[in-house]
Amino acid sequence: MADVNPSVARNNASSPSSSASSNPRFTPVSYGSDEDHPVPGPAKSPTGPLRLQTNFDDHLDVGDPLSDFENDGDYNTRERFEGKLLHSGLGPRYTPEEENEVVRRFDRKLVPFLALLYLLSFLDRSNIGNAKIAGLTDDLQLSSSQYEWLLTAFYITYILFEWMTLMYRVVPAHIYISLCVCGWGLVASFQCLATSFWGLLVLRALLGITEAAFAPGVPFYLSLFYRRHELAFRNGLFISAAPLATSFASSLAYLIVKFSSDGPISPWRTLFLVEGFPSVIVAVFAWFLIPDSPGKARFLSCRQRVVAQQRVEESTADYHQSYGNRFNWREILKTAADPKAYMAAFMFFSCNVAFSSMPVFLPTIIKDMGYSSLQSQALSAPPYLVAFIVVLLTAYASDRSRSRSSYLIAHALISSLAYLAIAATGYFHLHLPQWLHISIRYICVYPATAGFFSAITLIITWSMDNRVEKEGKGASIAILNIIGQCGPLLGTRLYPETDGPWYVRGMATCSFFMVVVAVLAVGLRILLQRMNRAVAETTYTIVQAGPIDQGEERDVLMGGGRRDDLEHSTGDRRLVYII
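The rules behind each value
- Residues numbered from 1 in each chain as written.
- Predicted model: local features only at pLDDT ≥ 70, side-chain atom pairs only at ≥ 80, totals over all residues.
- Heavy atoms only, no water.
- UniProt positions renumbered as here; feature names shortened; annotations may be inferred.
- Phe/Tyr/Trp six-rings, centres within 6.5 Å; stacked < 30°, edge-to-face > 60°.
- Lys NZ or Arg CZ within 6 Å of the ring centre and 35° of its normal.
- Core = buried A, V, L, I, M, F, W, Y, C linked by side-chain atoms within 4.5 Å.
- Buried < 20%, exposed > 50% of the residue type's maximum accessible area, 1.4 Å probe, protein only.
- Domains from an automatic or database assignment.
- Axes fitted to C-alpha atoms, helices over the stretch in contact; angles between N-to-C directions.
- Helix = DSSP H or I, 4+ residues; strand = E, 2+ residues; numbered from the N terminus.
- Parallel < 35°, antiparallel > 145°, perpendicular 65-115°, else oblique.
- Left-handed = near helix turned anticlockwise from the far one by under 90°.
- Contact = heavy atoms within 4.5 Å.
- Nonpolar A, V, L, I, M, F, W, Y, C, P; charged D, E, K, R; others polar.

- Going by what an unreviewed UniProt entry lists, the protein chain is known as Major facilitator superfamily (MFS) profile domain-containing protein and is assigned to Penicillium vulpinum.
- Per UniProt, the comment on the protein chain under Subcellular location (unreviewed entry) is "Membrane".

Take a look at the structure:
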């Protein structure tokens, strides 16, 4: 970093032209004595402290504090980081190209790997639907009620252990996620050894515990790496692994059932083993590939790590506290008393009724349309492939427009109409030709699944969009899941065999709850619009950065935020809510 000559500081103080063109520049901090008693004559050298005025928008050839870290192997230590960067007075400087490259690295290295982990977890929880028509119920002599209890047991423990979302703030992520992945991989594999209903019930309950520790906290974990207007697409990439997993499960189940029918063990046992054990292997890679924070990502250079950490307004000191005991309990209590958190949670509950039921019952529903077991496995895949594409397109458009509610309402209503059409077709099937009511029911599965998968993505993202502190985001996700994951307790019981082959009641129930999602989204949209208007009517204190004589005023927000994310008034950080 270039040294500052005292004579330069004196010239800057006395020469307007010099001060306007120099960046950075030092000017004396006046405490009032010089202005109250001006002394004629040449300007004196400043004797008080110097104040650094920096125009961050001007890219002049001055020292860049990040350059000191280019080849600094131990930049991550608190002393060097705070001494060189945070206390340098200059702050970080990086170009948009550098920031975009950091985001691209996360998009290529972090998000796809997390999506792979979620694919494996969703595969292990939902493949019981494929195992059912591959001989599970016959070999273990399961009744329809017992099968429903196998589905419910998973969600009971999944709900009870939602509090483990906060463990992302306590245990380093690479350790925590690796243990979770290894845990559910072992439990999912052990399902192939089940010989009775009770043994499989215990394994399903354990599977719920291990998966509850991972998936609900991942959107919060991603919020540590991305800004809030970038989150929907990344959450979409992550959550879209669910329909992809379901499609993959159906295709894989088709191959397993076809080639293991004459094997030494039953096809459903082979299915559990083949789809479960890969998670144990991937857990080893997770230990080395998952970063604990943006500043510890091994796939970034030293400079990129600092850029990554600064762009999301993190500091090394903050991350040293991340895995300690210093929680912002006030923010947690504030979130717990916020009605917006509960509106999002009940949207999640309603959407989960459909989200939890269709993936595990669709093979049975299609089989009851008159198809064989193999045909049902194959026909279950295409709707989820379409849902995968729709989720990504919706999340991308939502981020670009910085809007959540409009897309959420549209998808919820479309999904509701699709479910209603399936129910109506089943109710009036006697008045329709067989080929027509089968075609309508199967075609409507596509918008129904695409709708609730897209809605889930937007609800999760929206619940965190309007929180500043990590504890607030974590608490909102915990509330979202504790209430929202009760939806599967209803969803897993919507399609008993006694309602087959039309399942009118289950389809109508899903249609109703998707309407509830749309109504709650409209209500939350109106509430946030009113709060934004109240914020807009407030007079903000604008801190000027850069020389006044350039005719510009630049907003410096408390906490280093950007205007599209935060406003501040009298020192308080205030959100401009994403609608």
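Concerning the packing of aromatic side chains
- This structure, assessed with the given rule, holds 28 aromatic pairs.
- Of the aromatic side chains, those joined through ring pairs into one cluster are Tyr118, Phe122, Trp184, Phe214, Phe238, Phe355, Tyr384, Phe452 and Phe453.
- A cation sits over an aromatic face here: Lys132 above Tyr147, 4.5 Å from the ring centre.
- Cation over ring: Arg493 sits above Trp149, and NZ or CZ is 4.5 Å from the ring centre.

Structural notes on the nonpolar core
- By size, the foremost hydrophobic cluster in this structure holds 135 residues, and its most contacted members are Phe106, Leu114, Phe214 and Tyr419.
- When residues of this core are assigned to domains, at least three map to each of domain 1 (95-315) and domain 2 (331-542).

So, the packing of helix 9 (residues 173-190) against helix 14 (residues 267-276)
- Between helix 9 and helix 14, the shortest axis-to-axis distance is 7 Å and the interhelical angle comes to 165 degrees. Between helix 9 and helix 14, the angle is such that the two are roughly antiparallel. The two elements helix 9 and helix 14 meet at a crossing, and its hand is left-handed. For the pair helix 9 and helix 14, contact is made by Gly185, Ala188 and Ser189 and by Phe272, Leu273 and Gly276, respectively.
- The residue inventory of the contact of helix 9 with helix 14, partitioned by class, reads 3 nonpolar, 3 polar and no charged.

Some details on the packing of helix 19 (residues 339-367) against helix 24 (residues 470-484)
- Relative orientation of the contacting elements helix 19 and helix 24 amounts to 40 degrees, with a least axis distance of 8 Å. Comparing the axis directions of helix 19 and helix 24 gives the class oblique. Crossing geometry of helix 19 relative to helix 24 is assigned as right-handed. Touching Ala341, Tyr342, Ala344, Ala345, Phe346, Phe348, Phe349 and Asn352 of helix 19 are Ile479, Leu480, Asn481, Ile483 and Gly484, all from helix 24.
- For the contact of helix 19 with helix 24, the residue count by class is 10 nonpolar, 3 polar and no charged.

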